[in-house]
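# Fold and contact review
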Amino acid sequence: MKLRFLLLTLAATGLLGACARAPVRPTPVADAARSEAAQAAREAALASARSWQFTGRIAVSTDGRGGSGRIEWSQDGDDFDVRLSAPVTRQSWRLHQAQGKVRLEGLEGGVREGTDAEALLLEATGWRLPVADMAAWVRGVRGAGSPATVEADMQGRPIRLLQSGWQVDYPAWDAATPPLPMRVHATQGEAKVRLAIEAWSAGP
């Protein structure tokens, strides 16, 4: 498959390492009550911002297969437009959802369509990527529909979020109010997603 070959090639060239976990010093953690209060305040502050975008780099691997490249993610409520490109080969793909319908473009064999972005990606690429939850996690908030626990630092920023069997770590933040993540590391077993975010912007 064209996309899988592209991503395996990127991994072989070492681009996957660009988003690898870097050692970080231990961060003082707030107690559970303070962490929950800080998270509730954070989520309330971000609740009105339904439209947003970020650009950066992504590395994905599942059971030893994966790759990396540039990412542009635009969110508008529950709808999204995610674009991944490989600068070296100038190839790209697009995952788009509008009104509950999902399209995956850029694959050999043509467009794939469905109603479940996570299932569509898994079938087409072999990746396990919780797209709906990731739209929340990438901003440092809890996804809807399942219990979650959060550990926050003494400034009220999430350090670690546990939800739906995934562990999401936040090694770096920007200086916005409220702050937004610049690094997001999500792991579930052999499935790993690494985001290195370069810029955030508000939606239209």
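For the structure, see preceding data.
My aim in this report is to walk through the structure given alongside it, one point at a time.

### Some details on the layout of surface pockets
Estimates place the volume of the largest pocket at around 640 Å³. Along the wall of the largest pocket there are 26 residues; nearest its centre are Gln-75, Gly-77, Asp-78, Ala-132 and Ala-135. When contributions to the lining of the largest pocket are tallied by element, the ones reaching two or more residues are α2 (32–46), α3 (117–125) and α4 (131–137). With five residues, the single largest contributor to the lining of the largest pocket is α4. Here the residues of the lining of the largest pocket sort into 13 nonpolar, five polar and eight charged.

### Some remarks on the pairing of strand β1 (residues 51–62)
Within β1, ten of the twelve residues are buried, which leaves the element mostly enclosed by the surrounding structure. In sequence, β1 turns back onto strand β2 (residues 65–76) through a hairpin of two residues, with Asp-63 there showing a positive phi of about 55°. Pairing geometry for β1 and strand β11 (residues 191–202), over ten bridges, is antiparallel. Following the sheet pairing, Arg-57 is matched in β11 by Ala-196.

### As for the sheet that holds strand β5 (residues 101–105)
Paired through backbone hydrogen bonds, the strands of a sheet run either parallel or antiparallel to each other. Across the sheet, eleven strands lie side by side as β6-β5-β4-β3-β2-β1-β11-β10-β9-β8-β7; this open sheet has antiparallel pairing. Each edge of the sheet is formed by a strand with only one pairing partner; in this case those strands are β6 (112–114) and β7 (148–152). Each strand axis lies, on average, 15° off the axis of its neighbour in the sheet, ignoring direction. Alignment of strand β3 (residues 79–86) against strand β4 (residues 91–98), held across seven bridges, turns out to be antiparallel. Each residue of the ladder has a partner; that of Val-82, found in β4, is Leu-95. Along the sheet face, α2 touches β7, β8 (158–163), β9 (166–173) and β10 (181–188) and points at about 100° away from the line of β7. Lying over the sheet, α3 contacts β3, β4, β5 and β6, oriented at roughly 25° with respect to β5.

### Describing the environment of Glu-118
Tracing the backbone shows Glu-118 in helix α3. In this structure the C-alpha to C-alpha distance between Glu-118 and Val-131, which are 13 residues apart in sequence, comes to 5.8 Å. Leave out the neighbours within four places in its chain, and Glu-118 touches Leu-129, Pro-130 and Val-131.

### A short note on the pattern of salt bridges
Two side chains with opposite charge may pair up if their charged atoms get near one another. For the structure shown, the criterion picks out eleven salt bridges. Between Arg-70 and Glu-198 there is a salt bridge, and its shortest N-O distance comes to 2.9 Å. Here Glu-198 lies in strand β11 and Arg-70 lies in strand β2, a separation of 128 residues in the sequence. We note a salt bridge from Arg-94 to Glu-105, for which the minimum N-O separation is 3.8 Å. Pair noted here: Arg-94 is in strand β4 and Glu-105 is in strand β5, with a separation of eleven residues, a long-range link. Counted as one network, the salt bridges with shared partners bring together Asp-81, Arg-83, Arg-94, Arg-103, Glu-105 and Glu-113.

Conventions we followed
- Residues numbered from 1 in each chain as written.
- Predicted model: local features only at pLDDT ≥ 70, side-chain atom pairs only at ≥ 80, totals over all residues.
- Heavy atoms only, no water.
- 1 Å grid on protein atoms, 1.4 Å probe; cavity = no way out; pocket = protein on both sides within 12 Å on 5 of 7 lines; lining within 4 Å.
- Points joined across faces, edges and corners; volume = space filled by probe spheres on them.
- Helix = DSSP H or I, 4+ residues; strand = E, 2+ residues; numbered from the N terminus.
- Nonpolar A, V, L, I, M, F, W, Y, C, P; charged D, E, K, R; others polar.
- Buried < 20%, exposed > 50% of the residue type's maximum accessible area, 1.4 Å probe, protein only.
- Pairing = 2+ DSSP bridges.
- Axes fitted to C-alpha atoms, helices over the stretch in contact; angles between N-to-C directions.
- Contact = heavy atoms within 4.5 Å.
- Salt bridge = Lys/Arg side-chain N within 4 Å of Asp/Glu carboxyl O.

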